[in-house]
Amino acid sequence: MNFEELEYNYSTAINNPQNHFMEWLEPDSISLEQDSISILPSYLDEITNYDWWDHDETFDPPPATTPATPSPTCIQTPTLSPSSPQPDPEFSKKRKLNTNSPDTPRKPSSGKKTSSKSGAGNPAKDARWAEQLLNPCAMAIETGNVSRAQHLIYVLQELASASGDINHRLAYHGLRTLTHYLYSNSVTSMVRLPPCEPPIHSYITTEAKLFRSTVIKFHEISPWFTLPNSLANSTIIKSLSRENSSSRVLHIVDLGVSHGVQWPTLLEALTHLPKGAPPLVRLTIANSVLPPVPFSVPPPGYNFPSHLLRYAKSINLNLHINQVDNLTIQDLTLTPGEKLVVCAQFRISKYKDILCSIRDLNPDLFILSELDGSENCASSGGFPGRFGVNLEMLWRFLDSTGAAFKGRECAERKMMEGEAAQILDESGIEGRERWRELMVGLGFREEGFGDESIDTTKALLRKYDGNWEMKAERAVAAVRLRWKGQPVSFCSLWKPIRA
């Protein structure tokens with residue numbers, strides 16, 4: 001089998017992820033060409049009630065009535081100071097909101113998005129009223145402008161809703177972050193959230209079976225994580241195809257947020273390498289090496305290694321899985337001659353010190369994916385500056401996720417949005433160029449992904465909403481993912497500079 005045939009097979013595999021997930025998840029009677037293989041029979045029973053392969057049955061049925069008016073949150077209004085002026089009674093009801101006030105949103109006449117794919121010169125920017133309330137509120141809190149902060153909090157409280165349109169959802173999550181921030185603000189006081197405020201939906205609050213099916217479903221309907229996964233897998237396959245893969249151990253360090261979903265397609269592709277699969281594939285899970293970040297912590301009871309091991313056995317692949325708490329040569333038990341690949345995806349933006357440990361490992365390949373924020377320093381402007389940058393990224397997630405779920409309300413969507421909202425508590429998002437400066441300073445050299453990997457990923461992206469686009473230029477090695485013309489993430493390939 002030549003490389004072109006291998007690339008065709010891999011492209012077919014990555015662009016039909018359902019086939020490989022089905023093989024991984026639904027094992028009772030899977031027909032692969034003319035063979036029937038039994039894989040993980042107990043696992044099928046666990047997900048029988050989550051038949052998410054049928055898109056129409058995945059989601060909760062949409063409401064039969066007209067779209068409901070967003071209900072106010074139960075967040076207790078903070079007391080900024082004993083002498084805080086109370087807002088005018090007109091703000092206690094949405095029907096009495098002063099539409100002439102610059103702080104007061106004007107509800108769109110239609111629920112349809114009017115934004116263009118490019119996102120440039122978009123008149124709908126004015127309709128993004130949630131940011132126009134949340135950002136000034138953050139600034140007012142930071143500067144101690146009590147009356148303005150109190151006014152904006154009351155307005156937000158009336159408009160916030162976890163199940164409204166994108167603005168109402170952003171207001172809901174942003175208001176939660178602001179009220180929590182008030183606890184530690186030196187010029188304010190804050191009462192506890194009342195019992196009627198429900199816990200936010202997130203990974204850790206979700207039942208393990210629903211979490212498992214939702215994570216896989218999200219990879220199917222959104223490229224947010226799928227695109228970097230595809231690039232990483234394709235790069236590994238391309239690198240192995242150019243050497244004697246059947247005589248060298250492949251060791252992958254998983255420092256990402258895929259929770260096992262990334263690997264079935266790669267494992268299957270390894271069995272089709274021209275010179276044979278590696279004699280041993282080592283997968284080291286390093287999720288606990290770093291403190292938690294959004295999308296990194298699964299719910300209790302979720303355990304994917306055993307399922308991956310059974311799947312690998314069914315395709316005659318020698319797979320060993322290990323979990324480590326430290327990223328050192330000793331903890332990884334590196335052996336001479338093995339091919340070491342480190343995949344770090346959306347995990348190290350807050351903990352860049354780990355890059356020094358990765359450099360010490362001297363990996364053959366280091367694949368880094370992170371959110372692509374403003375090129376301006378995300379940490380500038382104190383809390384309001386960081387909050388504003390993170391708020392912009394959360395808007396893109398909520399907007400693209402709403403499109404992925406076709407506007408339908410369901411538990412899966414709430415879980416993904418609730419988990420993503422934790423980004424508002426993060427320290428900030430930096431741009432790709434700042435990451436490049438950091439990596440070069442640590443002794444890494446950036447590499448291009450190659451035309452084959454780029455073409456494979458472009459073909460994959462065509463399966464998603466048309467507002468997604470991938471930017472890959474010869475002058476810039478990294479591949480960027482964009483939503484409506486705005487940056488979302490980048491994926492880059494690095495090799496250590498060796499003396």
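Residues numbered from 1 in each chain as written. Predicted model: local features only at pLDDT ≥ 70, side-chain atom pairs only at ≥ 80, totals over all residues. Heavy atoms only, no water.

**Concerning helix H9 (residues 223–241)**
Spanning 19 residues, H9 covers 26 Å between terminal C-alpha atoms, matching the ideal 27 Å at 1.5 Å per step. Summarising burial for H9: 19 of the 19 residues are buried, a large majority. At the N-terminal boundary of H9, the capping side chain belongs to Ser222, with an oxygen 3.2 Å from the backbone nitrogen of Trp224. (Helix = DSSP H or I, 4+ residues; strand = E, 2+ residues; numbered from the N terminus. Expected span 1.5 Å × (residues − 1). Buried < 20%, exposed > 50% of the residue type's maximum accessible area, 1.4 Å probe, protein only. Polar contact = N/O pair within 3.5 Å; in protein donor to acceptor, adjacent residues only side chain to side chain.)

**Observations regarding unusual backbone geometry**
The residue Thr333 is not glycine, and still its phi comes out positive at about 45 degrees. According to the relative accessible area criterion, Thr333 is partly exposed, its value standing at 45%. Although it is not a glycine, Lys406 adopts a positive phi angle of roughly 55 degrees. By the element assignment, Lys406 lies in the loop between helix H14 (382–404) and helix H15 (411–420).

**Quick look at the pattern of salt bridges**
Across all of its chains, the model carries 20 salt bridges by this definition. Across the pair Asp364 and Arg248 runs a salt bridge whose closest N-O atoms are separated by 3.3 Å. Placement of the pair is Asp364 in the loop between helix H13 (354–361) and strand E7 (365–371) and Arg248 in the loop between H9 and strand E3 (250–255), with a sequence separation of 116 residues. Taking relative accessible area as the criterion, Asp364 reaches 17% and is therefore assigned buried. Residue Arg432 is joined to Glu446 by a salt bridge in which the shortest nitrogen-to-oxygen separation is 2.5 Å. Placement of Arg432 in helix H16 (residues 432–441) and of Glu446 in strand E8 (residues 444–447) is noted, with a sequence separation of 14 residues between them. (Salt bridge = Lys/Arg side-chain N within 4 Å of Asp/Glu carboxyl O.)

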